[in-house]
Amino acid sequence: MIPSGICPANKGKTQTTKQHNMAFKGAIEIDTQKCKGCSVCIDNCPTGSIQLSKMVNSKGYHYAEMIGEACVGCSNCGIVCPDSVITVYRVKI
Amino acid sequence: MTIEDIKKHGDIVYRKTPLLTDTVMHYCPGCSHGTVHKLIAEVIEEMGIQQDTIAISPVGCSVFAYNYLNVDWEQAAHGRAPALATATKRLNPEKYVFTYQGDGDLASIGTAEIIHACSRGENIVVIFINNGIYGMTGGQMAPTTLLGMKTATTPYGRDAKLNGFPLVIAPMIAQLDGTAYITRQAVHTAPAARKAKAAIRKAFEYSQKGIGLSFVEIVATCNSGWKMSPVAANKWMVENMFPKYPLGDIKDVLKKE
Ligand SMILES: Cc1ncc(C[n+]2csc(CCOP(=O)(O)OP(=O)(O)O)c2C)c(N)n1
Ligand code: SF4
Ligand code: SF4
Ligand code: SF4
Ligand SMILES: [Mg+2]
C-alpha cells in the first residue's frame, strides 16, 4: 500500500528544500478538470514548482500546473489539496 | 531525468486515496472540508476498516459528505449526529462510529446532544469543523464566531454586548469524565495536516478501547463566508482564530505523565 500523506524520506516531519535537493527529484500530475484553482498547493510548495495556468478548465477555473524542474516530491501539495487532485512521483538520485 | 521520466519510473509517493469517490466535491475552492474528508479517508484506508466504519453526516455544508467518503453513512437532523451515533455504536459495538459536524451544527442547535454524548462517555469519534460561521446558509454568525468578526448577521462585527462571547467547546467537554481524547488541529499547511491525520487516527483507535468519547476539533476556514481568497483565509485563521482556539491536545486519558 502507498503510504498516503507521509513523506517516506523524513517520516512526515517538515522538510527543507536543501535536504531534499540532494537526494530526490519529483514530479506531480494534476487532474486539471477537477482542480478548482484554490492555490493552497502553491502556498505550500517549498520549491516554487506550481503556478496557476493562464488557461481555464471546463468549470472556468485557472487550474494548477507544474513548472520547472525543482520539485523534490515532498507531497506537501498533495496532502493540502482539498480536492485531492494531485499525484506525486519521486525518484532517488 | 525529465519530468516525464520521473512520472514513468518514479515511485508514487502520494495519490488520492481510493476511499474517496470520484464525485467532484461541491465545496468552494480551498474549503477545509475537502482536506479533512481526505485525511479521514486516508486513516480509514491505512487502518483497513472501510467495512467496519459507520459515519454520521450533519446539516451544514458537509451534509453531502456521504457522496465523497466511501463508507456506510447515516444523515442526522441538524445537531443530532451524536444521538444517532450513540444508538449506532450501542447496536454495533464492534464498528467504528464517527460523526462529522460543523460549528453551527455542534455548538449551536446540537449543543445538548454533544454535551450529553460526552457526559455518557459514548465510544464514538466526533470530528468538529470549527470555521466560526454558518457556511451553508450564507455566512451568519455562529456561537464560535470571534468578537469583532463580520458575518451576514453581524455586519459591524460581533459585539459581546449584543451577541455574547465566542463559545469554546473543547475545554468545556474536557471537564466531563466521559471524554477520553480531546485535541484541536488544523489543515492549512502540510505539517498541520499530517498532525491532524495522526490525531484522527488516534481518535479512531481510542474509540475501540471502551474509554469514552474522542473529539477532534479542526480549526478551519470558510473562505466564501469570510469573503477572502483561500490563501488569505488560511492566513487570517492563523492570526485570528488560533489565539482564541489554540492548537494541541487538550485531554488524553491514556497519556503517561
Ligand atoms: C432544524 C434546522 N434549523 C436550521 C437549519 C438551517 N441551517 C442549515 S445549515 C445551518 C448551519 C450550518 O453551519 P455549520 O454547522 O457551522 O456548517 P458549515 O456549513 O459552516 O460547515 C443552518 C442553521 C436547518 N437546516 N435545520
Ligand atoms: S490545492 Fe488542489 S484544487 Fe487547489 S489549486 Fe492546487 S491542485 Fe488545484
Ligand atoms: S511535491 Fe508538490 S509541494 Fe513538494 S516540491 Fe513537488 S510540487 Fe512542490
Ligand atoms: S460556504 Fe464555507 S464551509 Fe461551505 S463549502 Fe464554501 S468555504 Fe466551505
Ligand atoms: Mg461552520
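As a reminder, the structure under discussion sits directly above these lines.
Position numbers for residues count from 1 along each chain, tracking the sequence in the order it is written. Whichever chain is written first becomes A and whichever ligand is written first becomes 1, with later ones labelled in order. Where local features are concerned, this predicted model is filtered to residues with pLDDT of at least 70; where side-chain atom pairs are given and counted, the filter is 80 or more; whole-chain, interface and lining totals use all residues. Hydrogens are left out, water is left out, and the side-chain values use all remaining heavy atoms of the structure.

Now for the pairing of strand 1 (residues 24-30) of chain A. Residue and element names in this part refer to chain A. Relative accessibility decides the category of a residue: with a 1.4 Å probe and only protein chains considered, values under 20% of the type maximum give buried, values over 50% give exposed, and everything between is partly exposed. Elements are defined by DSSP. Helices are runs of H or I of four residues or more, strands are runs of E of two residues or more, and each kind is numbered from the N terminus. In terms of burial, strand 1 is largely enclosed, as 6 of its 7 residues are buried. The criterion for strand pairing is that DSSP finds at least two bridges linking the strands in question. Sheet topology note: the strand 1/strand 4 (residues 86-92) ladder contains 7 bridges and is antiparallel. For Phe-24, the partnering residue across the bridge sits in strand 4 and is Lys-92.

What follows concerns the pattern of salt bridges. Take a side-chain nitrogen of Lys or Arg and a carboxyl oxygen of Asp or Glu: if they are within 4 Å of each other, that pair is a salt bridge. Under the defined criterion, the tally for this structure stands at 13 salt bridges over all chains. As a salt-bridge pair, Lys36(A) and Asp83(A) come within 2.8 Å of each other at their nearest N and O atoms. With Lys36(A) in the loop between strand 1 and helix 2 (40-44) and Asp83(A) in the loop between helix 3 (76-80) and strand 4, this residue pair connects regions lying 47 residues apart in the sequence. Residue class for Asp83(A) comes out buried when judged on its relative accessible area of 13%. Between Arg184(B) and Glu217(B) there is a salt bridge whose closest N-O contact spans 3.2 Å. One end of the pair, Arg184(B), is in strand 8 (residues 179-186); the other, Glu217(B), is in strand 9 (residues 213-219), with 33 residues separating them in the sequence. Like Arg184(B), the residue Glu217(B) is buried in the burial classification.

Another point: the environment of Thr99(B). Residues and elements named next belong to chain B. Relative to the helices and strands, Thr-99 resides in strand 4 (residues 96-102). On a C-alpha basis, the gap between Thr-99 and Phe-128 in space is 8.3 Å, while along the polypeptide they are 29 residues apart. In what follows, residue pairs with any heavy atoms lying within 4.5 Å of each other are defined as contacts. In this view, Thr-99 contacts Ile-56, Ala-81, Pro-82, Ala-85, Val-125, Val-126 and Ile-127; residues no more than four positions away in its chain are not counted. Between N or O atoms, a polar contact is any pair within 3.5 Å; within protein, one atom must be a potential hydrogen donor and the other a potential acceptor, and residues adjacent in sequence are included only when both atoms are from side chains. A polar atom in the side chain of Thr-99 sits 2.9 Å from the side chain of Gln-101.

Here we take up the packing of aromatic side chains. Pairing of aromatic rings covers Phe, Tyr and Trp, the last through its six-membered ring, and needs centres within 6.5 Å; plane angles under 30 degrees mean stacked, over 60 mean edge-to-face, and all others mean tilted. Tallied over the entire structure, the rule returns 8 aromatic pairs over all chains. When the centroid spacing of 5.5 Å and the interplanar angle of 55° are considered together, the rings of Tyr181(B) and Tyr206(B) count as tilted. Of this pair, Tyr181(B) sits in strand 8 while Tyr206(B) sits in helix 8 (residues 190-206), and the two are 25 residues apart along the sequence. One exposure class covers both Tyr181(B) and Tyr206(B), and it is buried. Ring-pair connections join several aromatic residues into one group, and the members of that group are Trp73(B), Tyr96(B), Phe98(B) and Phe204(B). Placement of a charge over a ring requires the Lys NZ or Arg CZ to be within 6 Å of the ring centre, with the centre-to-atom vector within 35 degrees of the ring normal. It is Arg90(A) that lies over the ring of Phe24(A); its NZ or CZ is 3.9 Å from the centre.

Across the sheet, 3 strands lie side by side as 1(A)-4(A)-1(B); this open sheet has antiparallel pairing. The open sheet terminates on both sides in strands that have one partner only, identified here as strand 1 of chain A together with strand 1 (11-14) of chain B. Taking each pair of neighbouring strands and ignoring which way they run, the sheet shows an average axis angle of 35°. Axis lines are fitted to C-alpha atoms, over the contacting stretch for helices. Their N-to-C directions set the angle, which ranges from 0 to 180 degrees.

In this scheme, a helix's expected span is set at 1.5 Å multiplied by one less than its residue total. The end-to-end C-alpha distance of helix 10 (residues 230-244) of chain B, which contains 15 residues, comes to 20 Å, matching closely the 21 Å that a straight helix rising 1.5 Å per residue would cover. Buried within helix 10 of chain B are the following residues: Pro230(B), Ala233(B), Asn234(B), Met237(B), Met241(B) and Phe242(B). Along its buried surface, helix 10 of chain B packs onto helix 2 of chain A together with strand 5 (125-130), strand 8, strand 9 and helix 9 (223-226) of chain B.

What follows covers the site of ligand 3. A molecule or strand has a residue near it when one of that residue's heavy atoms lies within 4 Å. The environment of ligand 3 is formed by 14 residues, the closest being Cys45(A), Thr47(A), Cys71(A), Cys74(A) and Cys77(A). When residues are sorted by character, Ala, Val, Leu, Ile, Met, Phe, Trp, Tyr, Cys and Pro go into the nonpolar class, Asp, Glu, Lys and Arg into the charged class, and all the rest, Gly among them, into the polar class. Broken down by class, the residue content of the shell around ligand 3 amounts to 9 nonpolar, 5 polar and no charged.

Let's shift gears to unusual backbone geometry. All names here are of chain A. A positive phi is found at Ser-39, a non-glycine position, where the angle reads about 75°. By the element assignment, Ser-39 lies in the loop between strand 1 and helix 2. Even without being a glycine, Ser-75 presents a positive backbone phi close to 75°. Take Ser-75: it is sitting in the loop between strand 3 (62-66) and helix 3. Among the residues examined, Ser-75 registers a relative accessible area of 1% and is labelled buried.

All names here are of chain B. At 2.0 to 2.2 Å from the magnesium ion (ligand 5) lie its protein donor atoms, namely Asp-103 (OD), Asn-131 (OD1) and Ile-133 (O). Coordinating N, O and S atoms are those within 2.8 Å of the metal (3.2 Å for Na, K and Ca), and as water is not part of the atoms, a site may appear to have fewer donors than expected. Mapped onto the sequence, the residues coordinating the magnesium ion (ligand 5) show the spacing D-x27-N-x1-I. Note that Asp-103 is positioned in helix 4 (residues 103-109) and Ile-133 in strand 6 (residues 133-134), a separation of 30 residues in sequence.

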